[in-house]
Amino acid sequence: MKSKPIQSKKVLTSSKLSTPNPCNWCPGCGDFGIWSAFRGACIEQKWDNTNTALVAGIGCHGHIVNFVKITAFEGLHGRAIPVASGVKMANHRLNVFVFTGDGDCLSEGGNHFVHAARRNQNITIILHDNALYALTTGQASPRTPLGQKTKSTPQGNIDDPLHPLRLALASGATFLAREYAGNVESLKDIMVKANAHKGFSVIQVLQPCVTFNKLYTHRFYQENTYQLPKTYDSTDKVAAYEKTLEWDFKKIPVGILYQEQRECYEDKFPQIHKTPLIKKPLRKRSMTKLFKQYM
Ligand SMILES: Cc1ncc(C[n+]2csc(CCOP(=O)(O)OP(=O)(O)O)c2C)c(N)n1
Ligand code: SF4
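Quick caveat: nothing in here was measured; it's all calculated off a predicted structure.

Thresholds, definitions, all that
Residues numbered from 1 in each chain as written. Chains lettered and ligands numbered in written order. Predicted model: local features only at pLDDT ≥ 70, side-chain atom pairs only at ≥ 80, totals over all residues. Heavy atoms only, no water. Salt bridge = Lys/Arg side-chain N within 4 Å of Asp/Glu carboxyl O. Helix = DSSP H or I, 4+ residues; strand = E, 2+ residues; numbered from the N terminus. Buried < 20%, exposed > 50% of the residue type's maximum accessible area, 1.4 Å probe, protein only. Phe/Tyr/Trp six-rings, centres within 6.5 Å; stacked < 30°, edge-to-face > 60°. Lys NZ or Arg CZ within 6 Å of the ring centre and 35° of its normal. Pairing = 2+ DSSP bridges. Axes fitted to C-alpha atoms, helices over the stretch in contact; angles between N-to-C directions. Polar contact = N/O pair within 3.5 Å; in protein donor to acceptor, adjacent residues only side chain to side chain. Near = heavy atom within 4 Å. Nonpolar A, V, L, I, M, F, W, Y, C, P; charged D, E, K, R; others polar. Parallel < 35°, antiparallel > 145°, perpendicular 65-115°, else oblique. Left-handed = near helix turned anticlockwise from the far one by under 90°. Contact = heavy atoms within 4.5 Å.

**Observations concerning the pattern of salt bridges**
Working step 1: As enumerated under the stated definition, the model contains nine salt bridges in all.
Working step 2: Between Asp129 and Arg143 there is a salt bridge whose closest N-O contact spans 2.7 Å. Taken together, the residues span a long stretch of sequence, with Asp129 in strand E4 (residues 124-129) and Arg143 in the loop between E4 and helix H6 (164-171) at a distance of 14 residues.
Working step 3: Glu185 serves as the salt-bridge partner of Lys188, at 2.9 Å between the closest nitrogen and oxygen. Remark: Glu185 and Lys188 occur in helix H7 (residues 184-196); sequence separation between them is three residues, near one turn of the helix.
Working step 4: We classify Glu185 as exposed; its relative accessible area is 51%.

Have a look at this one:
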C-alpha cells in the first residue's frame, strides 16, 4: 500500500492536548497511568487531531477521551471496535486507538474483538484491564478470577477468567503486549510500537481499580509482574502462547509478547490503496434499479 500515515508538522505540547473537562477518576486509579502514557506518546509522536482518532467504550476507561483533545467517539458499550474499524476503513491514514475495558472488550464486545483480530484490522486496542465492571460499581467481568467475591458474585465467582492475549493470539492478532499502568514510560513505548505495527495490536494494561478491586492492587502488580528478558523471541508464536499461560502461576510477564507481519485488512482493498475512501469524490447513483430487484 502506497499511502503513508499523515505526519503533523506542529509542535505538540501537553497544554495543547488538554481539555477543560475535570478528571473524574478516583485518586490512585490505574487509568491515570494510561492517560499519562498516552499523552506522552502523543507528544513524542505528534499525534493530534490531524492524524489520529480515538474510540472508547462505555465505562470508567471511556472517560479518557474527555481528557485528551483529539477527535474521539465514545460509542455503545461493547461496540468500540466496530466503530474504530469503520474509522480506519474510511481513512486508513489515521492512527486509530481503541480504549476499552475488560467488560466492554471481552464480554459485550467479545465477538468484535475476535473478528477484528482474525481480519488483522490495523488498529490499536488499549485494554484497561481492572478485572471487573467498575463504572457500574464492581460486578464480575470476564477477567474476574475464580472464587473472587464481587457485588454480582457475593459467594465467589464460579467462572474461570478469560485471558485476552491468549484469545487474541488464537484469533489472529499480530501484536500482543502487556504492561502495568504504573510503568508509564514503558507503557508509552509500547503504545508507540503498537501503533507503528501494521495490524491488529492489543495492549493489555494491568489497571488497578483502587475502589472495587482489593485483589489486583498496585502492590500486587508491582510484586507479581516481571519484564520479559531481552533474549525473549517475540516472533515465536509457541513461546508467546506459553507466556500467556504464566498468569496461572501468578508470575505475570510484561512487555511485547508477540509480533508477526501479516497482510492487514485495509491492504485487501486495492480501491483505497492510493486514495483513502474519504478523499474519493461522491458519485450520485440512482438506487431505484437495485430496489426494484427486491420488490
Ligand atoms: C449494552 C449495555 N449493557 C450494559 C450497560 C451498563 N454498563 C455501563 S458501563 C458498564 C461496565 C463497564 O465495565 P468495563 O467495560 O470493564 O469498564 P470499566 O468501568 O471497568 O473501566 C456496564 C455494564 C450499558 N451501558 N450498555
Ligand atoms: S471506580 Fe475504579 S476504575 Fe473507576 S475511576 Fe474509580 S478506581 Fe478507577
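**Let's talk about the packing of aromatic side chains**
Working step 1: Applying the stated criterion across every chain yields a total of 16 aromatic pairs.
Working step 2: By way of ring pairs, the aromatic residues Tyr180, Tyr216, Phe220, Tyr221 and Trp247 are connected into one cluster.
Working step 3: Just above the ring of Trp247 sits the side chain of Arg143; from NZ or CZ to the centre is 4.7 Å.

**With respect to the sheet that holds strand E5 (residues 175-180)**
Working step 1: Read across the sheet, eight strands follow the order E2-E1-E3-E4-E6-E5-E8-E7 without closing on themselves; strand pairing throughout is mixed. Among the strands making up the open sheet, the edge pair consists of strand E2 (72-74) and strand E7 (225-227). Taking each pair of neighbouring strands and ignoring which way they run, the sheet shows an average axis angle of 20°.
Working step 2: Bridge count between strand E1 (residues 52-56) and strand E3 (residues 95-101): five bridges; the pairing is parallel.

**Examining the environment of Tyr180**
Working step 1: By secondary structure assignment, the location of Tyr180 is in strand E5.
Working step 2: For the pair Tyr180 and Glu44, spaced 136 residues apart in the sequence, the C-alpha separation amounts to 20 Å.
Working step 3: Reaching out from Tyr180, the side chain makes a polar contact with the side chain of His218 at a distance of 2.7 Å.
Working step 4: Within the local environment of Tyr180, its side chain forms a polar contact with the side chain of Gln222, the two groups lying 2.9 Å apart.

**Here we look at the site of ligand 2**
Working step 1: Residues in contact with ligand 2, as listed here, are Trp25, Cys26, Cys29, Cys60, Asn130, Ala134, Gln207, Cys209, Val210, Thr211 and Phe212.
Working step 2: When its residues are assigned to classes, the shell around ligand 2 shows eight nonpolar, three polar and no charged.

**Examining the packing of helix H5 (residues 110-119) against H6**
Each packed pair of helices is defined by two parameters, the angle between the axes and the distance between the axes.
Working step 1: One can describe the packing of H5 onto H6 by two numbers: an axis separation of 8 Å at closest approach and a directional angle of 45°. On the basis of the axis angle, H5 is oblique to H6. Considering only the axes of H5 and H6, their crossing is right-handed. Residues Phe113, Val114, Ala117 and Arg118 of H5 form the contact with H6, whose participating residues are Pro164, Leu167, Ala168 and Ser171.
Working step 2: Considered class by class, the residues forming the contact of H5 with H6 number six nonpolar, one polar and one charged.

These figures capture arrangement, not role.
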